[in-house]
Amino acid sequence: MFSKEIQIEAVSLYLKGVPTVEIRKKFGIKGSSTLGIWVDSIKRDGVYGIKDSHRKQTSYPYSFKIKVINWRLTHHASYPVAARKFRVTSPSLIWQWERALESGRLKPDKRRRKRTMNKQEHDKIKKLEEENELLRIKVAYLEKLEALAQEKKKLQTKTKR
């Protein structure tokens, strides 16, 4: 909704002591907490704390969601505090995750399906496995043969003495 430049300008006016009502009127900011979120983001992360209005939607893995929910509940923290700690884009997301968990709608991420092999690939793998088994047998045979040859050589050297 607001460009990075507008957000930075609004925060700089706030830090200079301009009243929030004037800043909100000047830039058309409707939400009362929006400016505070921008200020906190810049204080915490510098200019990188401000996000572009056209940023891509962030998706969080199931394990991360559970971690955030558990931390918030064990520390009795508010949603904004948990969102800042874990750098979640919006505190309301955590609230949504909790409601989804309570109702059983929050489920682990689905794993990618394995690509199914066609008949040709399956036959090729089977042939390679058979060849591999034959090579193992040959190696075992040659090792046994070499061990017998060395044993025979030891016996010959003992009888010559």
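Residues numbered from 1 in each chain as written. Predicted model: local features only at pLDDT ≥ 70, side-chain atom pairs only at ≥ 80, totals over all residues. Heavy atoms only, no water.

As recorded in an unreviewed UniProt entry, the protein chain goes by Transposase and comes from Weissella fermenti. You can read under Sequence similarities (unreviewed entry) in the UniProt record for the protein chain the words "Belongs to the IS150/IS1296 orfA family." (UniProt positions renumbered as here; feature names shortened; annotations may be inferred.)

Colleague: What am I meant to see in the overall build of the protein chain here?
Modeller: If you tally the helices and strands in the protein chain, you get seven helices and zero strands. Taking all 161 residues of the protein chain together, the buried fraction comes to 20%. Look at the contacts in the protein chain between residues 6 or more apart in sequence, and 52% of them connect residues 24 or more apart. Split by element, the accessible area of the protein chain, about 13,500 Å² in all, is 55% carbon and sulfur. (Helix = DSSP H or I, 4+ residues; strand = E, 2+ residues; numbered from the N terminus. Buried < 20%, exposed > 50% of the residue type's maximum accessible area, 1.4 Å probe, protein only. Contact = heavy atoms within 4.5 Å. Areas by Shrake-Rupley, 256 points an atom, 1.4 Å probe, with all protein chains shown as cover.)

Colleague: Is there a simple way to explain the nonpolar core in this structure?
Modeller: Nonpolar side chains tend to gather and get buried jointly when the protein is soluble and globular. By size, the foremost hydrophobic cluster in this structure holds 14 residues, and its most contacted members are Phe64, Val68, Phe86, Val88, Ile94 and Trp97. No other element matches helix H4 (residues 62-75), which puts four residues into this core. Setting aside its immediate chain neighbours within four residues, Ile94 contacts Val68, Arg72, Tyr79, Ala82, Ala83 and Val88. By size, the runner-up hydrophobic cluster in this structure holds twelve residues, among which are Phe2, Ile23, Phe27 and Ile42. (Core = buried A, V, L, I, M, F, W, Y, C linked by side-chain atoms within 4.5 Å.)

Colleague: Any chance you could explain the pattern of salt bridges here in plain terms?
Modeller: Under the counting rule described, the total for this entry stands at seven salt bridges. One salt bridge connects Glu9 with Lys26, and the closest N-O pair in it is separated by 3.6 Å. A residue pair is termed long-range when its members are at least 10 positions apart, and Glu9 in helix H1 (residues 4-15) and Lys26 in helix H2 (residues 20-27) qualify at 17 residues. The exposure class of Lys26 is exposed, given its relative accessible area of 54%. Here Glu98 makes a salt bridge to Arg72, at a shortest N to O gap of 2.5 Å. Taken together, the residues span a long stretch of sequence, with Glu98 in helix H6 (residues 91-103) and Arg72 in helix H4 at a distance of 26 residues. Assigned by exposure class, Glu98 and Arg72 land together as buried. (Salt bridge = Lys/Arg side-chain N within 4 Å of Asp/Glu carboxyl O.)

Colleague: When you look at the packing of aromatic side chains in this model, what are you seeing that I'm missing?
Modeller: Any two aromatic rings considered together are summarised by their centre-to-centre distance and by the angle between their planes. Counted according to the given criterion, the structure contains six aromatic pairs. Ring centres of Phe64 and Trp97 lie 6.3 Å apart, and the angle between their planes is 80°; on these two criteria the pair is classed as edge-to-face. Of this pair, Phe64 sits in helix H4 while Trp97 sits in helix H6; the two residues are 33 residues apart in sequence, bridging distant segments of the chain. Accessibility expressed as a relative area gives 18% for Phe64, which makes it buried. A relative accessible area of 6% places Trp97 in the buried class. One aromatic cluster in this structure is built from Tyr60, Phe64, Trp71, Phe86 and Trp97. Its guanidinium or amino end placed over the ring of Tyr79, Arg72 lies 4.0 Å from that ring's centre, counting from NZ or CZ. Against the face of Phe86 rests Lys85, its NZ or CZ located 5.4 Å from the ring centre. (Phe/Tyr/Trp six-rings, centres within 6.5 Å; stacked < 30°, edge-to-face > 60°. Lys NZ or Arg CZ within 6 Å of the ring centre and 35° of its normal.)

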